[in-house]
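Structure assessment
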Amino acid sequence: MSASAQTIEKLISQEYKQGFVTELESDTLPPGLNEGVIRAISAKKNEPDWMLEWRLEAYRHWLTMSEPHWAHVDYHPVDYQSISYYSAPRTSEGPRSLDEVDPKLLETYNKLGIPLYEQERLAGVAVDAVFDSVSVATTFKGKLAEAGVIFCSMSEAIQLHPELVRAYLGSVVPPGDNFFAALNSAVFSDGSFVFIPKGVRCPMELSTYFRINAAKTGQFERTLIVAEERSHVSYLEGCTAPMRDENQLHAAVVELVALEGAEIKYSTVQNWYPGDEEGRGGIYNFVTKRGECRGANSKISWTQVETGSSITWKYPSCVLRGDHSIGEFYSVALTNHRQQADTGTKMIHIGKNTRSTIISKGISAGRAQNSYRGLVKVLKSAENARNYTQCDSLLIGDRCGAHTFPYIEVKQPTALVEHEATTSKISEDQLFFCQQRGLSAEDAVSMIVNGFCKQVFKELPMEFAVEAQALLGISLEGSVG
Amino acid sequence: MLKIENLHVQVEDKPILKGISLHVKEGEVHAIMGPNGSGKSTLAHVLAGREGYVITAGRITYRGRNLMDMAPEERAREGVFLAFQYPVEIPGVSNIYLLKAALNAMRKHRGLNELDAIDFLKMIKEKIRLVEMDEQFLYRAVNEGFSGGEKKRNEILQMAVLAPSLCILDETDSGLDIDALKIVSDGVNSLRAPDRSFILVTHYQRLLDYIKPDQVHVLAHGRIVKSGDASLAHELESKGYGWVDQATVAGA
């Protein structure tokens, strides 16, 4: 190994800074999964019968399915009977206001840089904080209600807006869609619900912050965002978890519905615990995210910065049903040490003149494996559909891998589909050049990586673009911010 | 400023430099000339601290300090600048971002505050005129899509902004047309100062028509085989490198 490869190796061995555990009394179901567990979850949440039936049906379907293994990842099989499917900080009643939230919880979020007090740093962003299986606080509810926007936990939505939940839940990702989606449908505990009524432009960024704390639990959150005609919303999710030696399962489902002329921008900064240098521990992030541009001229845009998790299996997708609808996917996926990511998107063109853009930046360091997997499908009905795909991979060091699996299916002769892909390495020349200009090797790698990701970072809401850059620096034991 | 004594360098197991001695004083311009493969670029890279070169004997002292003990970035912060023969591209990183990061790294090293955006911009706009580059170059990714001449001018711009003490130009003249050569030379000449020294590594004499050196050294087979004043370059130009080759053989 050359000397500069050693420098790079040193740079990419770093510590996870969100790996602390909060000592809290919690109400946790014993490990295992059966109909009784599902009934217990539903009962704890005081759910209506239709919701319980929906869960049970999903569970029965799940029993007939098997875990998918087509992704380019390698991991110990998950023992679904050893996971606890529900864990909540113990409180007598749900908190009515922030003052009633356990100070230890507030402290946890403060430590993570997510102050839940509304006047603080993220002022102008409403936050829903999900701790293990439950939502612990949602800020700015009053101001949002004035605009007619509903932003609450999924549990609350089931109680307060059952008609909306019933109308849309599972309409984009049906309970039997895939193995993990079926599991989620059976046991999901909480998540966020967003409803933007006709013609409303959501007055602030919405954000959910997910934290797994308890040991041996899975997190199964469910997020549903509905944007009615000509409405607009920008939503961001962030996630972290403590450092633990065993793997923890995170199987979320996110559904987006954009009606005619609506626009949903969904951004993710995913920083689940990635495991240690040898690949011990870390989160299995098996997530189904899909948006449907149901109405004409609607638009859904996914932006993700994925730096965490030991295994990532995630394909935020767009079903472009409405004519002239637009789907976008901007992704940065960074894998280090023994992390493995198989991520990408699906763009399903159904309506006429639908357009999609895919920009994917994969960065691989250490002994990590990073795969882009994407499907562009143009149905017969999608006259004049357009897709542009750009997949770039950057390798740091010489023991990692980058892979690209593009699938293109076109049934409409007027469609135009473009795919570009590149793979490059941070060269010794680049590194030496930057050092010769006075930058440390660490700053140089950060700068080069950030340059590589620029096209994606510019799609993030401003407040988070800076955080994402910083996170990337930290994940490479760099600086830059 | 710089004192090289009996420097021996090898790459893998192959000796490239076989006993170089060179003394560059404050304010002097030294030209190192020589045929391809004589070790000119190796010398430039060794001074800048590039990995992969093994110093088997000799000493390099820069302003009284042992240069060989210093990491490449430390040398840069202490005022050693190398203008590259083949400047690299850095996609997505704008020129102005790189310049600012580099300048602030130097300022921090010297215990100075970072320049604020307004002062920085003012300074940079002044410097960019020196190399006759359009301001839009500042906002383009470092060297991406630049022509050969633009890349070299960009190196000189970086040199002007960072204001180093020892400037090493590694074949900055190669691949330049006459207009670009003149712009680059004018840039270098305007940076000449009593406390700043230059080492010009070049294959051709023509650069020295524009930048007048105090001393010229001819490098062949890893040794300095001849040193003299500016007239040596002309002699070399008319007689060709074969002349020094013979001299080496005769002297050996």
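First things first, this report covers the structure right here in the doc. (Residues numbered from 1 in each chain as written. Chains lettered and ligands numbered in written order. Predicted model: local features only at pLDDT ≥ 70, side-chain atom pairs only at ≥ 80, totals over all residues.)

1. Structural notes on the overall build of chain B
On a plain count of helices and strands, chain B comes out with nine helices and 12 strands. What you see for chain B is a C-alpha radius of gyration of 18 Å, in line with the 18 Å of a compact globule of 252 residues. Oriented by its inertia axes, the alpha-carbon framework of chain B measures out at about 60 × 40 × 35 Å. Looking at chain B residue by residue over its 252 residues, the buried ones come to 44%. For chain B, long-range pairs separated by at least 24 residues make up 72% of all intrachain contacts whose partners lie at least 6 apart in sequence. (Helix = DSSP H or I, 4+ residues; strand = E, 2+ residues; numbered from the N terminus. Rg over C-alpha atoms; globule rule 2.2 N^0.38 Å. Buried ≥ 20, exposed ≤ 12 C-beta atoms within 10 Å, placed from the backbone. Contact = placed C-beta atoms within 7 Å.)

2. Digging into the overall build of chain A
Counting its secondary structure elements, chain A contains 11 helices and 23 strands. Here chain A, with 481 residues, has 58% of them falling under the buried criterion. Long-range pairs, those at least 24 residues apart, make up 83% of the contacts in chain A between residues at least 6 apart in sequence.

3. Notes on the interface of chain B and chain A
With 21 residues of chain B at the interface, the matching set in chain A holds 20 residues. For the side of chain B that touches chain A, the elements supplying multiple residues, two or more each, are helix 2 (72-77), strand 7 (90-94) and helix 3 (95-109) of chain B. Take the side of chain B that touches chain A: its biggest share by element is five residues, from helix 3 of chain B. Among the residues forming the side of chain B that touches chain A, the class breakdown is 15 nonpolar, two polar and four charged. (Nonpolar A, V, L, I, M, F, W, Y, C, P; charged D, E, K, R; others polar.)

4. Overview of the sheet that holds strand 6 (residues 80-83) of chain B
All names here are of chain B. Pairing is mixed in the open sheet, where six strands are placed in the order 6-9-10-3-11-12. If you trace the sheet from one side to the other, it starts and ends with strand 6 and strand 12 (223-228), each paired once. For this sheet, the mean angle separating the axes of adjacent strands, direction not counted, is 20 degrees. As paired strands, strand 9 (residues 166-170) and strand 10 (residues 197-202) are joined by five bridges and run parallel to one another. Bridge assignment links Asp170 to a residue of strand 10, and that residue is Val201. (Pairing = 2+ DSSP bridges. Axes fitted to C-alpha atoms, helices over the stretch in contact; angles between N-to-C directions.)

5. Here's the deal with the sheet that holds strand 5 (residues 65-66) of chain B
Consider a sheet: its strands pair through backbone hydrogen bonds, and that pairing is either parallel or antiparallel. Residues and elements named next belong to chain B. Sheet architecture is open: four strands sit in the order 2-1-4-5, paired in antiparallel fashion. The open sheet has two edge strands with one neighbour each: strand 2 (14-24) and strand 5. In terms of strand pairing, strand 1 (residues 2-11) meets strand 2 through eight bridges, oriented antiparallel. Its bridge partner being in strand 2, Gln10 is matched across the sheet by Pro15. Sheet strands touched by helix 1 (residues 40-48): strand 1, strand 2 and strand 4 (53-62). Its angle to strand 2, the strand with the most contacts, is close to 70 degrees.

6. Here's the deal with helix 8 (residues 231-239) of chain B
All names here are of chain B. Among all positions of helix 8, only Leu232, Ala233 and Leu236 are buried. One side of helix 8 carries all its buried residues, which in axial view fall inside an arc of 100 degrees. Opposite its buried face, helix 8 presents the exposed residues Ser231 and Ser238, each directed more than 90 degrees away. Check the buried side of helix 8 and you find it contacts strand 3 (29-33), helix 7 (207-210), strand 11 (215-220) and strand 12. One or two positions beyond helix 8, positive phi appears at Gly240, with a value near 80 degrees. (Arc of directions from axis to C-beta.)

7. A closer look at the environment of Asp229(B)
Residues and elements named next belong to chain B. Here Asp229 is to be found in the loop between strand 12 and helix 8. What makes Asp229 exposed here is the crowd of 11 C-beta atoms within 10 Å. With 128 residues separating them in the primary sequence, Asp229 and Ala101 have C-alpha atoms 39 Å apart. The residues contacting Asp229, other than those within four sequence positions of it, are Gln215 and Val216.

8. A short note on the environment of Lys108(B)
By the element assignment, Lys108(B) lies in helix 3. In this structure the C-alpha to C-alpha distance between Lys108(B) and Leu82(B), which are 26 residues apart in sequence, comes to 20 Å.

9. Details of the pairing of strand 12 (residues 263-270) of chain A
All names here are of chain A. Of all the eight residues making up strand 12, eight are buried; the element is thus mostly covered by neighbouring parts of the structure. Neither face of strand 12 is left uncovered, since the one carrying Glu263, Lys265, Ser267 and Val269 and the one carrying Ile264, Tyr266, Thr268 and Gln270 both have all their residues buried. Inspection of the sheet shows strand 12 paired to strand 14 (residues 299-306) by eight bridges, in the parallel sense. Paired with Lys265 across the bridge in strand 14 is Ser301.

10. Let's talk about the environment of Asp170(B)
Residue and element names in this part refer to chain B. With respect to the secondary-structure elements, Asp170 resides in strand 9. In this structure the C-alpha to C-alpha distance between Asp170 and Phe84, which are 86 residues apart in sequence, comes to 5.6 Å. The residues contacting Asp170, other than those within four sequence positions of it, are Ser41, Ala44, Leu82, Ala83, Phe84, Gln85 and Val201.

11. Considerations on the pairing of strand 20 (residues 369-378) of chain A
Consecutive residues of a regular strand have side chains that alternate between opposite faces of the sheet. All names here are of chain A. Of all 10 residues in strand 20, nine are buried, a share of seventy percent or more. Pairing of strand 18 (residues 340-349) with strand 20 involves 10 bridges; the strand directions are parallel. Looking across to strand 20, one finds that Thr343 is bridged to Tyr372. Bridge count between strand 20 and strand 22 (residues 401-410): 10 bridges; the pairing is parallel. Bridging across to strand 22, Ser371 finds its partner in His403.

12. A word on the nonpolar core
Of all hydrophobic cores here, the largest spans 184 residues; its most connected members are Ala227(A), Phe81(B), Ile168(B) and Leu200(B). With 10 residues, the top contributor of residues to this core is helix 10 (residues 441-457) of chain A. Residues contacting Ala227(A), with those up to four places away along its chain left out, are Ile196(A), Val233(A), Val257(A), Ala258(A), Leu259(A), Ala262(A), Glu263(A) and Ile264(A). (Core = buried A, V, L, I, M, F, W, Y, C linked by C-beta atoms within 7 Å.)

13. Regarding the packing of helix 3 (residues 49-63) of chain A against helix 8 (residues 179-187) of chain A
Residues and elements named next belong to chain A. Direction vectors running N to C along helix 3 and helix 8 enclose 145 degrees, while the axes themselves pass 7 Å from each other. As for how helix 3 packs across helix 8, the hand of that crossing is left-handed. Between helix 3, through Arg55, Ala58, Tyr59, His61 and Trp62, and helix 8, the contact on the second element is made entirely by Phe179, Ala182, Leu183, Ser185 and Ala186. Residue composition of the contact of helix 3 with helix 8, grouped by class: seven nonpolar, two polar and one charged. (Left-handed = near helix turned anticlockwise from the far one by under 90°.)

14. Quick look at helix 10 of chain A
Each α-helix turn comprises 3.6 residues. Residues three or four places apart therefore point the same way. The terminal C-alpha atoms of helix 10 of chain A lie 22 Å apart, and with 17 residues this matches the ideal 24 Å at 1.5 Å per residue to within 8%. The sharpest bend along helix 10 of chain A comes to roughly 40 degrees, located at Gly451(A). (Expected span 1.5 Å × (residues − 1). Bend = angle between axes of the 7 residues up to and from the residue.)

15. A short note on the packing of helix 4 (residues 117-130) of chain B against helix 5 (residues 148-162) of chain B
Residues and elements named next belong to chain B. Axis separation between helix 4 and helix 5 bottoms out at 9 Å; the angle between their running directions is 135 degrees. Judged by the angle between their axes, helix 4 and helix 5 are oblique. With respect to the hand of their crossing, helix 4 and helix 5 are arranged in right-handed fashion. For the pair helix 4 and helix 5, contact is made by Ile124, Lys127, Ile128 and Leu130 and by Leu157, Ala160 and Val161, respectively. Of the residues in the contact of helix 4 with helix 5, the class split is six nonpolar, no polar and one charged. (Parallel < 35°, antiparallel > 145°, perpendicular 65-115°, else oblique.)

16. Focus on unusual backbone geometry
Among all residues save glycine, negative phi is the norm, and among peptide bonds the norm is trans. The backbone of Asn297(A) sits at a positive phi, close to 60 degrees, despite the residue not being glycine. Considering the arrangement of structural elements, one finds Asn297(A) in the loop between strand 13 (282-293) and strand 14. A positive phi angle, close to 50 degrees, is found at Asn6(B), a residue other than glycine. With respect to the secondary-structure elements, Asn6(B) resides in strand 1.

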